[in-house]
Amino acid sequence: MSLPRQTSDDILAAITVPSSSPRATFINWGRTFSCRPLAIFEPENEEQCELVLDLAKREKRVLRAVGVGHSPSDLACTGDFMLRTTKLNRLLEVNLEKLYVVVQAGITLTDLHVELAKHGLAMRNLGSISDQTLGGIVTTASHGSGITYPVMSADVSALTLLLADGSRVRCSRDERRDLFLATLCGLGATGLILTIQLQVERAFWLKDEQCSRTFDDLIENFDEIVRSAEHVRFWWIAASHTVKCSVVNRTTEPKRPLIPWFWRSLMAFHVVQFLLFLGRYLPYLNTLTGRFVAWLASKPVTLIDDSHTIFNVECRVRACFPVLPSLFAPSIYPQHTTEFALPLALAPTCLRALGAWMDAEALNPAGLRPHFPFEIRFSGGDDIWLSPGYGRDTCWVGIAQYKPYTLPVPYRTLFAKFAAICLAHQGRPHWAKAHAPLSPEALRGMYPRYDDFVRVVKGVDGEGVWRNEYVRRQVFGEGITDGELEGGREDGKGVGLEERRFRIRDVYTE
Ligand SMILES: Cc1cc2nc3c(=O)[nH]c(=O)nc-3n(C[C@H](O)[C@H](O)[C@H](O)COP(=O)(O)OP(=O)(O)OC[C@H]3O[C@@H](n4cnc5c(N)ncnc54)[C@H](O)[C@@H]3O)c2cc1C
């Protein structure tokens, strides 16, 4: 698009976040990473996106797309230009016959659910929350849980992209297939996703039956339990050797939401937060808090509701539903979090190794006393080049360290030891979550199509306009030495991704 410079400058000025605004600094949701880009743009249409791209190329700057900043790592950060997609959020097309919709990539899932419901439609699978943008979900291969359901990017049937050369292109499994498979879980490196064609389903209800089991019982019957329902997920509290199991199936039974229990919910939220706060000074308290939470969560629960209400753990917190599910909401407190995708077949062995590690820490008076729980979920294999679920049925294991009252808590040693065990069991890190950089050689071993990904990215973006600091470091292996790579995994240094080279600040100080 060619406009007189003055006109394009005026348009750019109108969509630039004022530098005096607090929003001119980017801080991720978990309050673990922040950066101060040279400018943040909030375009409202595709032409404005093109102008921002033009500017970035003229100024020889990186341009980073960002959704709502829910990635727990510095994935969305840059010191150069940032393009926030949240005003590109319209539903463009609904096809009730072929069951797909076309939406702009900046729409949040929460807004998408509202739009879909108007047409009696719903997403077929979801993760724990719906705050994210669809673009953010797709580029990170975010997942829900269910062994026959691949990562959510697999529900995308076509995309339009703004490429680094300024062209707008469409890709799918039939058109520019390589670009399509690189862009689903492309970490924003192939271009700006403008629109997404998403396969959806007729709206449905889910029945969630939750109960507690012992850890040993779960491991002994692992495969049977994982395949016992459409969507199965676990929250394992190592301190009590118990697992809260959620087993979810479609249903036509009447809705059965839990009765709001404001007082108990409120109490639990604040009591647990206060205990976590005390745990900063008296780490052994974390073990007792874990047992307390396991006790609170031991009662069986059955819920029936709209699919997204059941998929999203956090919905129930927002609706002030009882304490039991809310204590397992991943987002109740700002947090550090990391997650690995294990091959399903190795999951029981890996979980046992994690259990043995936790027991050893508990026996050691100076051992780690982590927060809880381990979150365990599942996805079916997919063919998306950089998806952690590529080519194999997957068991996802995640841990978090909550930040009570947003205060710092230790997490590096814990995350490093956790990562070492997962990596030893062929784990692949969740791209959006904190993890130590892996070398291109390691990535090549993990992802059979890694070289194809690099080829496609370099082919469509030779200058690296869309390649931010995270992508250069975590995917292309730039700016890191072998020593740093190994050190990051073994002794915890670097696992927090404290980034000094690129003006990105890890707001955590241990
Ligand atoms: C509380 C919480 C719960 C979560 N639950 C889950 C879960 O259940 N399962 C799971 O797998 N993950 C989960 N995540 C991770 C989350 O789904 C991802 O981090 C997701 O990318 C966040 O979306 P976002 O809109 O915030 O994207 P951002 O964090 O803003 O950006 C993420 C990436 O997407 C890219 N991007 C965004 N929009 C575009 C676009 N239009 N074009 C090109 N690139 C783009 C950015 O460049 C960046 O690389 C959770 C995170 C949090 C904080």
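Since this is a predicted model, take the numbers as computed values, not measurements.

Colleague: Which parts of the structure should I look at to understand helix α13 (residues 347–363)?
Modeller: Because the α-helix completes a turn every 3.6 residues, residues three or four places apart line up on one side. With 17 residues, α13 should cover 24 Å at 1.5 Å per step; its first-to-last C-alpha distance of 24 Å lies within 8% of that length. Residues A347, C350, L351, L354 and M358 constitute the buried set of α13. Along the axis of α13, the buried residues cluster in a sector spanning 100°; they form a single face. Every exposed residue of α13 that faces more than 90 degrees away from the buried side is listed here: A356, A360 and L363.

Colleague: So what exactly am I meant to see when it comes to the nonpolar core here?
Modeller: Where a protein is soluble and globular, its nonpolar side chains tend to be buried together. L63, F81, L83, L134, I196, W236 and I384 are the most contacted members of the largest nonpolar core, which totals 134 residues. A domain-level breakdown of this core finds at least three residues from each of domain 1 (91–202) and domain 2 (205–429). If sequence neighbours within four positions are ignored, L63 has contacts with V52, L53, A56, D80, F81, L83, V465 and W466.

Colleague: Could you clarify how one ought to interpret the sheet that holds strand β6 (residues 91–95) in this entry?
Modeller: Paired through their backbone hydrogen bonds, the strands of a sheet run either parallel or antiparallel. With antiparallel pairing, the 5 strands of this open sheet are ordered in space as β6-β7-β11-β9-β10. The open sheet has two free edges, formed respectively by β6 and β10 (168–172), since each of these has just one partner strand. Neighbour-to-neighbour, the strand axes of this sheet turn through a mean angle of 15°, independent of strand direction. Bridging between strand β7 (residues 100–104) and strand β11 (residues 192–199) involves 5 bridges; their strand directions are antiparallel. If you follow V102 over to β11, its bridge partner there is Q197. Against the sheet, helix α2 (residues 46–58) contacts β9 (156–162), β10 and β11, and its axis sits at roughly 50° relative to β9.

Colleague: What is the right way to look at the sheet that holds strand β5 (residues 81–84) in this model?
Modeller: With respect to topology, 3 strands assemble into an open sheet ordered β3-β5-β4, the strand pairing being parallel. The open sheet has two edge strands with one neighbour each: β3 (39–41) and β4 (63–66). Along the sheet, successive strands turn relative to each other by an average axial angle of 25°, direction set aside. Together, β3, β4 and β5 form the strand contacts of α2, whose direction differs from that of β5 by roughly 170°.

Colleague: Even after reading the chapter, I still don't get the pairing of β9, so can you show me in this structure?
Modeller: The two faces of the sheet receive side chains in turn, since in a regular strand these alternate between them. In terms of burial, β9 is largely enclosed, as 5 of its 7 residues are buried. Both β9 and β11 contribute to a ladder of 6 bridges, which runs antiparallel. The residue of β11 that forms the bridge with L159 is I196. In sequence, β9 turns back onto β10 through a hairpin of 5 residues, with G166 there showing a positive phi of about 90°.

Colleague: For this particular structure, what's the right way to read the confidence of the model for the protein chain?
Modeller: Low pLDDT means the predicted coordinates in that region are not meant to be read closely. The predicted model of the protein chain averages 89 in pLDDT, with 88% of residues at 70 or higher. Overall, residues 317–326 carries pLDDT values under 50, and its contacts beyond four positions in sequence, including any with other chains, amount to 31 contacts. Contacts of residues 481–510 to residues separated by more than four positions or lying in other chains number 67 contacts, the stretch itself having pLDDT below 50.

Colleague: For this particular structure, what's the right way to read the site of the ligand?
Modeller: Around the ligand sit 34 residues, and of these G67, G127, G135, G136 and G188 come closest. Of all elements in the fold, only β4, α4 (134–139) and β11 reach the threshold of two or more residues within the shell around the ligand. Take the shell around the ligand: its biggest share by element is 4 residues, from α4. Partitioning the shell around the ligand into residue classes produces 15 nonpolar, 18 polar and 1 charged.

The rules behind these values
- Residues numbered from 1 in each chain as written.
- Predicted model: local features only at pLDDT ≥ 70, side-chain atom pairs only at ≥ 80, totals over all residues.
- Helix = DSSP H or I, 4+ residues; strand = E, 2+ residues; numbered from the N terminus.
- Expected span 1.5 Å × (residues − 1).
- Buried ≥ 20, exposed ≤ 12 C-beta atoms within 10 Å, placed from the backbone.
- Arc of directions from axis to C-beta.
- Core = buried A, V, L, I, M, F, W, Y, C linked by C-beta atoms within 7 Å.
- Domains from an automatic or database assignment.
- Contact = placed C-beta atoms within 7 Å.
- Pairing = 2+ DSSP bridges.
- Axes fitted to C-alpha atoms, helices over the stretch in contact; angles between N-to-C directions.
- pLDDT = per-residue confidence, 0-100.
- Near = placed C-beta within 6 Å.
- Nonpolar A, V, L, I, M, F, W, Y, C, P; charged D, E, K, R; others polar.

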